[in-house]
Amino acid sequence: MTPAAVGTSASSWSAFAEAQPALLAVTLAADSPDEPRDQAWAALLESLQNALPADSEGIEFTRQTRRLLLSFARSDQAVSAALHIQRFEAQRPSRYRIGADLRQAEQGVAAATALAELAVPGEVLLSEALRDQIVAGLDAELEYAGEPEFPELQRSLRLFRLLPKPEAEQGWGDFLANKPTLVLLPLRVAEGQRCDPVYAELVGYGLSRGLAQNKAWHLISSLSAAAFRHRQPAAAELQQRLKASHVLSGEVHQEGRLLHAQIRMVDTASGQELWARTVSLPVHLARSPENPFGREVVSGVSQAIFGEVARAGLLPALDDLDSYTLLFKAMTLVHRSCSAEFLQARELLDHLVQRHPKAGEAQAWLAKWHVMNVARGQSRDIEADTRLAQQAAQQALHCEGDRALGLAIDGLVHAYLLGELDQAEAQLKAAIAENANEALAWLYLSAVHVYRDQGQAAADAAGMAMLLSPLDPMRYYFDSFAAHALLAAGRLNESIVLASRSLSANRRHLPTLRTLAIARALNGQLAQASEAVQALRGLDPNYSLHSFNTRYPGRGTAFAACCALALQTAGLPEL
């Protein structure tokens, strides 16, 4: 595979990381006899103008007979405006139907308008392309709304329904209260300065690796921190949403052969800046395995919080800028719901492991890709994916780089694909010993505890994972594991909530449907449990009690027997 085939230029990352502009199409469902059309538009426009954020960079209005087209610089602004329209109409029967798509997408205007025409009054429908720009749990909640054909577009579109954020979130206890909890926001290129954005990503990645390996604090997952890439959150918001006690942020710029990183740390409770430093090092050291940027910052942060100096870890064994570009891009695409982008992640990872066979991160993410291919129901050869996942996971453990990630993925392979629980548990506990902030290790450990009929331990491990990565791009995946853990702990109502939320994002995840069916049956909701079983059988017509009893990794336990009886009660056939 040639580099050109997978888009290896550094400039490709620059475009990939930019905020995506969006279009919002609003149509009037019907004329109101007591309010002429022009008055309805004028009232809505006035409300929107007063409600838009200061950094919205303006809105372009195009008024047609029965349509209002709004153009936003960022996708989250479009979502905010759509939710505002819903609130604006809350006290009356809704008159507006709303559709949204990316502004740069092919046929963006036509697609947004078509979605608005399809929506019922009061409903907001998003394209999948726009949905992938939205952070579930931060911007709004999302629900899968089907994949209808649009003759005017000559194609079908996967749609998602926009829902307001719930007022109360799932509580997971005080697992993070015993230590300071840090979040490192994505670093930015300093305003007015010339610098390839990939250097900001590269320096930030090194800092995150160094911070994560210090056991004196918790570190919120970089995947959750990435939700704030194009935002400027207040310290109090980060304390509320992420349970963070300290936030690190900064800017990067290049001056000749020097790279300058200006980093600061703020206490989220007081808003006070506790520490700030500019680290200046030669550009080529930004990709050095010794991670000098991480060493400088981790030591300073440790000194500021504890009065002690900590050390930073190593970066992966990638020795050129384009390889970092590909790694960052592949890590993002693995979590995309779009099948084409998921397959592109495989191409990128294959290219990386060929170019850098000693880079552990690339091997670990390739192993995870194969597991995800099976979990997504897209594998054409499960045995081959299992073998390739094993090979990549083992290779990751013998390479340089993030050993905790490699151990966590190897544990996943042993638990999910091989059913070897003893080896899975050993690998996952080793991953946590290596890096207690590795959210995936806690998540996969929760499943092992479920399979061993250790419900409370499963719920605790899932809670730790959810707290370490509360805004993960694969939140439906985290929700599915957590729902399974809560089911094993007997917390049926909470399990139902999380399983339902997971299915709102991905209705084609068989384990989640199974969890929901069991939880509803045990909760006495037999009609809804039967619906979940029917949906499960729609995905796999051959799935039966025999399938569950022979495939479920936790078979043979009292919990598994309870689940089997619940599935039988919900209508799952014996064979």
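A brief look at the structure comes next.

## Digging into the side chain of Asp540
Within the element layout of this structure, Asp540 appears in the loop between helix H21 (526-539) and helix H22 (545-551). When neighbours within four sequence positions are excluded, Asp540 is seen to be in contact with Leu510 and Arg551.

## Focus on empty space enclosed by the protein
For the structure shown, the criterion picks out four cavities of 30 Å³ or more. What the largest cavity holds in volume is close to 380 Å³. Elements that contribute at least two residues to the lining of the largest cavity include exactly helix H6 (197-212), helix H7 (222-225), helix H12 (360-375) and helix H16 (439-451). Take the lining of the largest cavity: its biggest share by element is four residues, from H6. The residue inventory of the lining of the largest cavity, partitioned by class, reads eleven nonpolar, six polar and five charged.

## Re the packing of H12 against helix H13 (residues 382-397)
Two numbers describe how H12 lies on H13: the axes approach to 8 Å, and their chain directions differ by 160°. Taken as axis vectors, H12 and H13 run roughly antiparallel relative to one another. The element H12 and its partner H13 pack so that their crossing is left-handed. Contact residues: Gly360, Gln363, Ala364, Leu366, Ala367, Trp369, His370, Val371, Asn373 and Val374 in H12; Ile382, Asp385, Leu388, Ala389, Ala392, Ala393, Gln395 and Ala396 in H13.

## What to know about the pairing of strand S9 (residues 159-163)
One ladder, built from three bridges, connects strand S5 (residues 124-127) with S9; its direction is antiparallel. Within S9, the residue paired with Leu125 across the bridge is Arg161. Note: strand S6 (residues 141-144) against S9, four bridges, orientation antiparallel. Bridged to Leu142 within S9 is Leu162.

## Comments concerning unusual backbone geometry
The phi torsion at Lys243 lies on the positive side, around 60°, for a residue other than glycine. Considering the arrangement of structural elements, one finds Lys243 in the loop between helix H8 (235-242) and strand S13 (246-255). Although it is not a glycine, Asp453 sits at a positive phi angle of roughly 65°. Following the sequence through the fold, Asp453 ends up in the loop between H16 and helix H17 (455-468).

## Points about the pattern of salt bridges
This structure, assessed with the given rule, holds 22 salt bridges. With a closest N to O distance of 2.5 Å, Arg161 and Glu123 form a salt bridge. Within this pair, whereas Arg161 is found in strand S9, its partner Glu123 is found in the loop between helix H4 (108-118) and S5, the two being separated by 38 residues in sequence. By relative accessible area, which is 13% here, Glu123 ends up buried. Counted as one network, the salt bridges with shared partners bring together Arg74, Asp76, Asp139 and Arg231.

What counts and how
Residues numbered from 1 in each chain as written. Predicted model: local features only at pLDDT ≥ 70, side-chain atom pairs only at ≥ 80, totals over all residues. Heavy atoms only, no water. Helix = DSSP H or I, 4+ residues; strand = E, 2+ residues; numbered from the N terminus. Contact = heavy atoms within 4.5 Å. 1 Å grid on protein atoms, 1.4 Å probe; cavity = no way out; pocket = protein on both sides within 12 Å on 5 of 7 lines; lining within 4 Å. Points joined across faces, edges and corners; volume = space filled by probe spheres on them. Nonpolar A, V, L, I, M, F, W, Y, C, P; charged D, E, K, R; others polar. Axes fitted to C-alpha atoms, helices over the stretch in contact; angles between N-to-C directions. Parallel < 35°, antiparallel > 145°, perpendicular 65-115°, else oblique. Left-handed = near helix turned anticlockwise from the far one by under 90°. Pairing = 2+ DSSP bridges. Salt bridge = Lys/Arg side-chain N within 4 Å of Asp/Glu carboxyl O. Buried < 20%, exposed > 50% of the residue type's maximum accessible area, 1.4 Å probe, protein only.

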